[in-house]
Amino acid sequence: MKKFARRAAAQTLAAAFLLTAFTGSAHANAQDADAAIAQEWQTAWDTYHFSDTTPPAEGSGRRRVTSSISVEINAPAARVFPAYSDFNHHIGMNPFLRRVITHKDWCSAGTRNINLTAIEEIPYEGTVVVSKTHAQQRLHEKELYYETDSWSFPGVVTHQKIVFNQLKGGKTQVTENLTFEADDDMIDFAATNGVAAHQQLQTALKQAIESGAL
């Protein structure tokens, strides 16, 4: 399994490196680059319909894995929710995340919707691979939960529902319900590493909120 995971990671990063080489150098400045990334977001949304939560059809070559992780934070939900749900706060806590680009931010029927792309820089064999995760986040602040759907190369889709429960003593329990979808030969790797990354981020956010840094 470890050999397979390393091979899958190498294939994924190598492919991502090639994709970046062809798409990242054609834009002269940051504004043009962000506009190009916004178009990539729209193309992924139109092509892969990554907000669709319908399970893959049997025999499609794709599978899903679901998981749930939880953390208790010593702070009230009114403070935890905005701190935890702001993806810009994840920069520096996710070791590879460098930037979050917001393409559109609007409210509809009491729900705040954000179309965004998370930019990660991943060291790989002496170089740096730029990985882009295109996502839509929907925040239900009054109900204390938010949802995120995302797509990243090579076809990894996630569906997340993060719920905030106010506990006694001014504490908050944050539960992340995670669904990963990918091709059969990638799903175990994607799910295992995805859960590990979310657990690491949970721990970092807990420390930052409790310390007052957020």
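Above this text sits the structure in question.
Residues numbered from 1 in each chain as written. Predicted model: local features only at pLDDT ≥ 70, side-chain atom pairs only at ≥ 80, totals over all residues. Heavy atoms only, no water.

**Considering the side chain of Ser152**
Mapped onto the elements of the fold, Ser152 is located in strand β5 (residues 145-152). Classification of Ser152 by relative accessible area gives buried; the value is 14%. (Helix = DSSP H or I, 4+ residues; strand = E, 2+ residues; numbered from the N terminus. Buried < 20%, exposed > 50% of the residue type's maximum accessible area, 1.4 Å probe, protein only.)

**Details of the packing of aromatic side chains**
Taken as a whole, this structure holds 9 aromatic pairs when the rule is applied. A ring pair is formed by Trp45 and Phe50, whose centres lie 5.2 Å apart and whose planes are at 85°; its orientation type is edge-to-face. Relative to Trp151, the ring of Tyr48 has its centre 4.5 Å away and its plane inclined at 10°; by these criteria the two rings are stacked. Placement of Tyr48 in helix α2 (residues 30-48) and of Trp151 in strand β5 is noted, with a sequence separation of 103 residues between them. Accessibility expressed as a relative area gives 44% for Tyr48, which makes it partly exposed. Residue Trp151 is classed as buried on the basis of its relative accessible area, which comes to 10%. Above the ring of Trp106, the side-chain terminus of Lys104 is found at 4.5 Å from the ring centroid. Taking NZ or CZ as reference, Lys161 lies 4.7 Å from the ring centre of Tyr145, over its face. (Phe/Tyr/Trp six-rings, centres within 6.5 Å; stacked < 30°, edge-to-face > 60°. Lys NZ or Arg CZ within 6 Å of the ring centre and 35° of its normal.)

**Things to note about the nonpolar core**
Ile73, Val80, Tyr84, Tyr146, Phe164, Val174 and Ile209 are the most contacted members of the largest nonpolar core, which has 25 residues in total. Looking at this core element by element, the count peaks at 5 residues for helix α4 (residues 187-211). Ignoring anything within four residues of it in the chain, the contact list for Phe164 reads Val80, Phe81, Tyr84, Leu144, Tyr145, Tyr146, Thr172, Gln173 and Val174. Ranked by size, the runner-up nonpolar core spans 11 residues in total, among them Met186, Phe189, Ala191 and Val195. (Core = buried A, V, L, I, M, F, W, Y, C linked by side-chain atoms within 4.5 Å. Contact = heavy atoms within 4.5 Å.)

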